[in-house]
Amino acid sequence: MDHFSVIQSIIRAGLSGDTKAFDKQVVRLRARLEKAGDVKEAATIERLLKSSSEMKDIQPSRVEVSRALVFGEALTRETNPPIDRETGASLCEIHFPEGERIVPVYESRVSETIAGLLEEWSSEEALRNVGVEPTRSLLIFGPPGSGKTLTASYIAEQLGLPLVTAKIDGLISSFLGTTARNIANLFDFANRYSCVLLLDEFDALAKVRDDPQEVGEIKRVVNSLLQNLDQRRAFGVTIAITNHDRLLDPAVWRRFETHVHIGEPGLLARTKMIERFLAPLKPEPPIFSIIAYCLDGHSGADLERICISMKRLLALSGKSHDGPGLFHTLSAVLGRLPSQENEPARILASDPEAFISLIANDLDFPLKQSEIGQATGYGQSRVSDIKKSKRHLPLMEALHAQ
Ligand SMILES: Nc1ncnc2c1ncn2[C@@H]1O[C@H](COP(=O)(O)OP(=O)(O)OP(=O)(O)O)[C@@H](O)[C@H]1O
Ligand SMILES: [Mg+2]
């Protein structure tokens, strides 16, 4: 049976729940079918991919929060946040909902979890009818720049509640007695008002815990944090964020009912973010896939930074604001960045034609030669010649030898 090995890989990825590998294998099957001349079947898979990536978007309509979910007085812009008595610094920042929601882009597993929580928070009665409470605490973890803080703001916006953000290292005072008091004051404040409490950089406490001189005192602080987290359950929603989930004490970890890992974005998620970050530029869409392929391994925050640099350079370079203009601008931007980790970016930075050769020879890459030719300005027949030259190979060898 044709393509059986790819189908097997799809099944394996699906069964293991690895959505990144699953997406990759489906794109591979589409490319194989297309190459074998099964154009209709390839188009069907393309349609399925498109509709599934649309399904992964969370609906941006505001959630009607159940009244029993959050308690307390309304925060106003005049409300003063609690302060550290030793330094006078605020223990938290307050952000009010502005009605302007940036919807984060996720892999489907993460979107489903967040959408599920929003649904719980709006359907409290249905949950009560079967004797359960909605989830009140969420731990978000993942690498830097993956959209963790953005997710917390998005949730608060969706719920129409102010977000009270405390950075844990901001609560830690050089006087540890003050730290426990700061934690208590922060939670008193959050419990008094109707809000979402966000504990950012949550691993800061774990790092202090490793200091042998502070062991006894830090234990007290962690205990006070645990107690406050337990009591908080009766008052409202709490979100904690960490980059280093392994540093967290299991007792702290257990306090959170739902854990969401936001990982590196896959090809589809990157394509979508790049399209968003390059707006208002509106080139033909295939260039987004090419840029996304090149920027594998980059976080959402990296992609945003690179897209901003591209727009700056493009605006001043006099190049056309289309696929070819963006392709060469990306090559120039990557050339100016400190050495990239990933191979495609390094190849594009040093030799755009070698990069074309790389994608044209990659069976997993979803675009046809004609689309690559159009998106990059090289044209189909030149892409075909470059493909045959395999000029990416010496560069890859040189990179591997480094
Ligand atoms: N998944 C995403 N969807 C859309 N935009 C994103 C995503 N991830 C990152 N970004 C962009 O990058 C910016 C920074 O993301 P954010 O501050 O939420 O990352 P973080 O995970 O909290 O990083 P850190 O660990 O460094 O605090 C966001 O404001 C957004 O513009
Ligand atoms: Mg953050």
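Rules used in this analysis
- Sequence order sets the numbering: in each chain, residues are counted from 1 along the sequence as written.
- Here chains are named by letter from A upward and ligands by number from 1 upward, in the order in which they appear as written.
- Local features in this predicted model are restricted to residues whose pLDDT is 70 or higher, and side-chain atom pairs enter the listing and the counts only when it is 80 or higher, whereas totals over whole chains, interfaces and linings include all residues.
- Only hydrogens and water are removed before side-chain values are computed, so all heavy atoms of the structure are retained for them.
- Summary of the distance rule: residues count as near a molecule or strand when at least one heavy atom falls within 4 Å of that molecule or strand.
- Polar contact criterion, stated in full: a pair of N or O atoms within 3.5 Å, where within protein one must be able to donate a hydrogen and the other to accept it, and residues adjacent in sequence count only if both atoms are side-chain atoms.
- Here the open area of atoms and residues is found with the Shrake-Rupley method and a 1.4 Å probe, where only the protein chains shown may cover a residue.
- Gly is put with the polar residues, along with every residue not named as nonpolar or charged; the nonpolar set is Ala, Val, Leu, Ile, Met, Phe, Trp, Tyr, Cys and Pro, and the charged set is Asp, Glu, Lys and Arg.
- An automatic or database domain assignment provides the domain bounds reported here.
- In DSSP terms, a helix is any run of H or I states spanning at least four residues, a strand is any run of E spanning at least two, and both are numbered starting from the N terminus.
- Should any heavy atoms of two residues lie within 4.5 Å, those residues are considered in contact.
- Working definition: with a 1.4 Å probe on protein chains only, accessible area under 20% of the residue-type maximum means buried, over 50% means exposed, and in between means partly exposed.
- We treat two strands as partners when DSSP finds at least two bridges between them.
- Comment: axis = line fitted to C-alpha atoms, over the contacting stretch for helices; angle = value between 0 and 180 degrees taken between N-to-C directions.

1. Some details on the site of ligand 1
- Around ligand 1, a shell composed of 17 residues is seen, among which V105, G145, K148, L150 and E304 lie nearest.
- Between ligand 1 and L150, the relevant distance is 2.8 Å, taken from an oxygen atom to a main-chain nitrogen or oxygen of the residue.
- One nitrogen or oxygen atom from the side chain of N243 is found 3.0 Å from an oxygen atom belonging to ligand 1.
- In isolation ligand 1 offers 640 Å² of accessible surface; the protein chains occlude 77% of this area.
- Partitioned by chemical class, the residues of the shell around ligand 1 number 8 nonpolar, 6 polar and 3 charged.
- Counting the residues that make up the shell around ligand 1, at least three belong to each of domain 2 (93-261) and domain 3 (265-401).

2. Topic: the side chain of T79
- Along the chain, T79 falls in the loop between α3 (39-55) and β1 (93-95).
- At 2.9 Å, the side chain of T79 forms a polar contact with the backbone nitrogen of T76.
- Apart from residues lying up to four places away in sequence, T79 is in contact with I94, F189 and Y193.

3. Here we look at unusual backbone geometry
- Residue P280 is bonded to the preceding A279 through a cis peptide linkage, with omega at 10 degrees.
- Looking at the element boundaries, P280 is found in the loop between α12 (267-278) and α13 (286-294).
- The residue E201 is not glycine, and still its phi comes out positive at about 50 degrees.
- Not every positive phi belongs to a glycine, and K390 is a case in point at roughly 45 degrees.
- Tracing the chain through its elements places K390 in the loop between α19 (380-389) and α20 (392-401).
- With a relative accessible area of 39%, K390 lands in the partly exposed category.

4. A look at the sheet that holds strand β4 (residues 196-200)
- An order of β1-β3-β4-β5-β2-β6 is seen for the 6 strands of this open sheet, with the pairing classed as mixed. Only two strands of the sheet have a single neighbouring strand rather than two, namely β1 and β6 (258-261). Each strand of the sheet is rotated relative to its neighbour by a mean of 20 degrees, with strand direction disregarded.
- Note: strand β3 (residues 163-167) against β4, 5 bridges, orientation parallel. Across the sheet, the residue bridging to T165 is L198, located in β4.
- Lying on the sheet, helix α4 (residues 108-122) is in contact with β2 (137-141) and β6; it crosses β6 at an angle near 150 degrees.
- Where helix α6 (residues 148-159) meets the sheet, its contacts fall on β2, β3, β4 and β5 (238-242), and the angle it forms with β5 comes to roughly 165 degrees.

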